[in-house]
Each structure stands twice: as C-alpha cells, then as structure tokens.
Amino acid sequence: MLADSVYEAIKAMVMDHEIEPGARVGIEALARTLEVSPTPVREALARLESDGLVTKRSLVGYRATELLTPEGLEELFEMRLLLEPRAAALAALNADDEQLDRIEALVEELRGRPGSGERYVVYREFAAADQRFHDAIAQAAGRRLLAEAVGRLHSHLHIFRLSSIPGAGPLTLAEHDRILRAVLRRNPERAAEAMTEHLTSSLERQRNRHDGV
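Residues numbered from 1 in each chain as written. Predicted model: local features only at pLDDT ≥ 70, side-chain atom pairs only at ≥ 80, totals over all residues. Heavy atoms only, no water.

Enquirer: Any chance you could explain the overall build of the chain here in plain terms?
Expert: Looking only at helices and strands, one finds nine helices and three strands in the chain. Starting at the N terminus and walking to the C terminus, you meet the elements of the chain as α-β-α-α-β-β-α-α-α-α-α-α. Taken over C-alpha atoms, the radius of gyration comes to 18 Å for the chain, in line with the 17 Å a tight globule of 213 residues would show. With the C-alpha coordinates of the chain rotated into their principal frame, the extents come out at 55 × 40 × 35 Å. Looking at the chain residue by residue over its 213 residues, the buried ones come to 47%. Of the roughly 11100 Å² that the chain leaves accessible, carbon and sulfur atoms contribute 52%. Separation of charge centres in the chain, based on 28 positive and 35 negative side chains, amounts to 2 Å. (Helix = DSSP H or I, 4+ residues; strand = E, 2+ residues; numbered from the N terminus. Rg over C-alpha atoms; globule rule 2.2 N^0.38 Å. Buried < 20%, exposed > 50% of the residue type's maximum accessible area, 1.4 Å probe, protein only. Areas by Shrake-Rupley, 256 points an atom, 1.4 Å probe, with all protein chains shown as cover. Lys, Arg positive; Asp, Glu negative; His and termini not counted. Charge placed at Lys NZ, Arg CZ, Asp CG, Glu CD.)

Enquirer: Explain the environment of F77 to me, please; I cannot follow it from the model alone.
Expert: Locating F77 in the fold gives a position in helix α4 (residues 70–94). Given a relative accessible area of 0%, F77 falls into the buried group. With 126 residues separating them along the chain, F77 and L203 place their C-alpha atoms 6.8 Å apart.

Below is the structure:
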C-alpha cells in the first residue's frame, strides 16, 4: 500500500508539472518531501520508468521524460491507426465471453468519472480506464504480438498526456460505446471503423490543444 501511494504521489507530481519535463528527479529529495524512506521512492520510479514518464541514465539518475513533440504525436497516432482498428476487428471475431464482459465493464467504469480537470488527481481514474479499455480490446484480438505492440504505443501516449483536454470525457465515452457495440455484435468491419473514427477524433483533439484551439 505504501509503494502504491508513493507511486501515485510522484506520478501526480509529474503529470501536474510539479516535476517539470526534463527535470532531474532526486530520490532523497522526494523521500523527504513525501516523508518516506528512499526504498518506496526507488520502487515508484522504476514503475514510472516502465510507464514512460521518467528515464534513468547510468551515473545521472532519473529525469522526467520530455514532452512528446507534435511530430512525435503524429507518428504515434499513425502507428495506432495501423494497429488498433485491426485489433478491434479481431476482437469482434475472437473475444470470448469473459473478455467481452471485461471490455463492457471498462466502458461502464468511465461513466460518471470526470474525463478532464486542472489536476491529474481529478481525471486519473478516467485516463487509467481509457487505457485499460484499449489494452483489453487488443488482448481480446487473440494475437499476442499485436497486443504487446499496442501496449507499448500506449506507454508512449502517456508522455503526451501530461494534461487533460476539457470536454474530451463525454466524447471519448461515446466513441468507446460505438466500439463496444460493434465488438458485441461481432461486426469486425464496424469495429475497425469505430476504432478508426475514435483515434482520428482523439488525434484532432490533441492537435487542437497544441494549436490552442
């Protein structure tokens, strides 16, 4: 429990830019701030490294990951658009009842949760369920390498999501609903189309935020 709470506390500091992108992350300083020993801080930073939010270099230590560039964002979504519509189509064909229940439960989990806010603590549960939804779709496809590739792409997306997009929550939920309905109806073509529409809309929202629209 202590390790989890330290992880969430440091993650919130990174997401809210209390630890600036590119800044050094000192273990001892964080331990003093959080009033814990260095051990759970090290464990938390190792988890955050796997999340893509910090990096570790030999003899240098940890630093918060730099923000993904607009060009990097475009490349990331290009890859998602290649992989995730195919994953959705395969999920419509291959998902078993337990996997379908899991996907449906994750959509329900999004309902009633704030999808945006000025601080990460407000929308973190929505963001986590959003990522689990996409991962569950990929896992239900029945293709291990595809699921692993989708999971890696989501860790990169985390780097860009260092703030939420006002009003994005209801739109994301509606788009997830359309994907879910297609998968439940075992309609691979519609599942792929719904995933493509969702990712295209999500990319446009990210572009608008970057452009200040």
